[in-house]
Amino acid sequence: MRIIKDTFTVKMLKLLIGLGVMFSAFVGAEPAKNSINSTLPIEAADCLVVDKDKHILMIEEAISGKFSIPGGSIIGDESPEVAAKRETFEETGLVVNVGKQIARTYNSALYACELATPARFYMDQNGQRIVMVWTAPHFGKEVTRVLLKPDNKAMRSNYRFPEHKWQFPNWVPEVTPSAFVFSPGEIGTLIPFYESQLIMLQEWHNTISSNGLTLFLSKIVILIGCVFSPLFFLLTLPLIRSYHGHRALLIYGAGMLTMATFTLILSTVIVVPRPYFIDPVFGVHNTLGYTLPSTMVTLTTMLFGWVWMTSKTAEKQRKYRWLIAVCGVVSILFVSLKVLLLGEHYPTDVLVGIALGVAGSFGLHHVRKWRFTDRRYVLISARFWIAAFAVTAVIGGAIHKPHIIYLSAICLGVYSALMWLKFFPVYVSPIKRHVQLTFFSLLSMGVLAIVGVDHWLTARYAVNTVIVAVHCGASWSIAVWLLVVAPRVLPNVLKI
């Protein structure tokens, strides 16, 4: 028994001595400089570029809306240095010479880089340095703009990676400054067709700015147009569901899906810079993609054109056709003036958008007539919507367009709703006018609540995959809310 106790005591002493040695080594050891958990294998590479004033080259990400330095994942067998150079070119359109590795952050290597040739920038109305790189491969898809940002509190509050933003004071001094040249504009890059339109917009902008009254009226127009644009997407679907029924909602949704996908593809593959990409007088705005065509003008025109043509065949709605026409013209006018005043589009982009909207409304109206005449289930069948989901998901992934991915989530939501209704059919549509208004209000409140929760969640995360998943979940929920949940819940509330 004595031997056992001694053996146990010896083992405990050895264990305590070993722990003491490890702790002493840990305390006395000097951590690797500029390393954060650097034992992980390198799977990504970042590039740090600065100018002579120690401003840092950054991108504004399209998905998260946050800033980050250029960089990304290593592909195949390429080295981290090659990946850093490739990612920087894809995201900024700038060619860099990759220098020494100055840090490792988790699974990413960070390199000090220098521009191979000088890059031009301009100062926007807020004093930010905007780099002219709209020809970058990922511009308008994953990147909304490229900036030179100072290392200050405002930048750090909107920076994506927390492991980076507190290390910039240590990293920036190790980077050789690159040459950035101030330029008032880049009008010479446009073809004469767009150059003449830009000059016209510049003259129009100067004329409006020179008079207090016209400047005030232009701000009113911009305010109305900015409010109308998001509400258009959010409230037209509840409006059609309340006043025209779920089948009309499916038909219009199919038309909006087709036209939105088509215009988003055009604004991605037709590389024509927006006016505010060229001239800083217009400021910088929250848009994605290139200029042709105007998606908002297209969808606004299609909506009012389709409703106007539908009211022609509906006996009760004929007397409201003039009101629909007036509302449509005024809405299209405000949206068109807003995108022109802000320099988001050229005049021809607006005209192309109107033409596409008119063509879309005619096509949608004739498909609707053909569907009712031949008793076909085109546009309202589950097979159509699952096929639409597959097509839009493939297109969105192929051209790296997150907005098309969100449209595919709506398609999946519609498919889920239709499959539910196939087994548990509930098709409730209010008839009385005051009930329709109440139904529309409650539907809209539900949609706005979903959007509010989506905004709250995405504002708390910086991981792009999480943000895309949350946006897709919100899009799916809106479709299910309009087609399944609301028709089951609201009739009990409204006593329909």
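Note: the structure precedes this text.
Keep in mind that this is a model prediction, so the values were computed, not measured. (Residues numbered from 1 in each chain as written. Predicted model: local features only at pLDDT ≥ 70, side-chain atom pairs only at ≥ 80, totals over all residues. Heavy atoms only, no water.)

## Considering the packing of helix H7 (residues 212-244) against helix H11 (residues 321-341)
Move 1: Interhelical geometry of H7 versus H11 gives an angle of 110 degrees and a closest axis separation of 8 Å. Here H7 is positioned roughly perpendicular relative to H11, judged by the angle of their axes. For the crossing formed where H7 meets H11, the hand is left-handed. Along the contact surface, H7 presents Ser-218, Val-221, Ile-222, Ile-224, Gly-225, Cys-226, Phe-228 and Ser-229, while H11 presents Ser-331, Phe-334, Val-335, Leu-337, Lys-338 and Leu-341.
Move 2: Of the residues that constitute the contact of H7 with H11, the class distribution is nine nonpolar, four polar and one charged. (Axes fitted to C-alpha atoms, helices over the stretch in contact; angles between N-to-C directions. Helix = DSSP H or I, 4+ residues; strand = E, 2+ residues; numbered from the N terminus. Parallel < 35°, antiparallel > 145°, perpendicular 65-115°, else oblique. Left-handed = near helix turned anticlockwise from the far one by under 90°. Contact = heavy atoms within 4.5 Å. Nonpolar A, V, L, I, M, F, W, Y, C, P; charged D, E, K, R; others polar.)

## Details of a nonpolar patch on the surface
Move 1: On the surface, a nonpolar cluster with roughly 470 Å² of combined accessible area is contributed by Leu-213, Phe-216, Leu-217, Ile-220 and Ile-224.
Move 2: You can see Ile-224 is positioned in helix H7. (Patch = residues over 30% accessible without salt bridge, like charges linked within 9 Å, V, L, I, M, F, W, Y side chains within 5 Å. Areas by Shrake-Rupley, 256 points an atom, 1.4 Å probe, with all protein chains shown as cover. Salt bridge = Lys/Arg side-chain N within 4 Å of Asp/Glu carboxyl O.)

## Describing helix H14 (residues 402-423)
Move 1: With 22 residues, H14 should reach 32 Å at 1.5 Å per residue; the first-to-last C-alpha distance of 33 Å fits that figure.
Move 2: Among all positions of H14, only Pro-402, Ile-404, Tyr-406, Leu-407, Ser-408, Ala-409, Cys-411, Gly-413, Val-414, Ala-417, Leu-418 and Leu-421 are buried. (Expected span 1.5 Å × (residues − 1). Buried < 20%, exposed > 50% of the residue type's maximum accessible area, 1.4 Å probe, protein only.)

## Remarks on the sheet that holds strand E8 (residues 119-123)
Move 1: Pairing is mixed in the open sheet, where six strands are placed in the order E4-E3-E10-E9-E8-E11. Looking along the sheet, the strands with just one partner apiece sit at the ends: strand E4 (67-68) and strand E11 (180-182).
Move 2: Of the strand pairs in this sheet, strand E3 (residues 56-61) and strand E10 (residues 143-149) are connected by six bridges, and their pairing is antiparallel. Looking at the pairing, Leu-57 lines up with Leu-148 of E10. (Pairing = 2+ DSSP bridges.)

## Observations regarding the packing of aromatic side chains
Move 1: Tallying each qualifying case throughout the model produces 12 aromatic pairs.
Move 2: For the ring pair Phe-139 and Phe-277, a centre distance of 5.1 Å and an interplane angle of 80 degrees mean the geometry is edge-to-face. One end of the pair, Phe-139, is in the loop between strand E9 (129-131) and E10; the other, Phe-277, is in helix H9 (residues 275-278), with 138 residues separating them in the sequence.
Move 3: A residue is classified by how much of its surface remains accessible, and Phe-139, at 5% relative accessible area, is buried.
Move 4: Seen in terms of ring centroids, Trp-420 and Phe-424 are 4.7 Å apart; in terms of plane orientation they differ by 40 degrees. Their pairing is tilted.
Move 5: Connected via pairs of aromatic rings, a cluster forms that spans Phe-139, Tyr-276, Phe-277 and Tyr-290.
Move 6: Seen from the ring of Trp-308, Arg-321 lies directly overhead, with NZ or CZ sitting 3.8 Å from the centre. (Phe/Tyr/Trp six-rings, centres within 6.5 Å; stacked < 30°, edge-to-face > 60°. Lys NZ or Arg CZ within 6 Å of the ring centre and 35° of its normal.)

## Description of the pattern of salt bridges
Move 1: Using the criterion set out here, one finds 11 salt bridges in the structure.
Move 2: Ionic pairing is found between Arg-145 and Glu-60, a salt bridge with its closest N-O pair at 2.8 Å. Of the two residues, Arg-145 is situated in strand E10 and Glu-60 in strand E3; the sequence distance between them amounts to 85 residues.
Move 3: Across the pair Glu-78 and Arg-86 runs a salt bridge whose closest N-O atoms are separated by 2.7 Å.
Move 4: For Arg-86, a relative accessible area of 19% gives the class buried.

## Examining the pairing of strand E2 (residues 44-48)
Move 1: Most of E2 sits inside the fold, with five of its five residues counted as buried.
Move 2: Neither face of E2 is exposed, since Ala-44, Asp-46 and Leu-48 on one face and Ala-45 and Cys-47 on the opposite face are all buried.
Move 3: Pairing analysis gives five bridges linking E2 to strand E7 (residues 108-115), with the strands arranged parallel. Each bridged residue has a counterpart across the sheet, and for Cys-47 the counterpart in E7 is Tyr-111.

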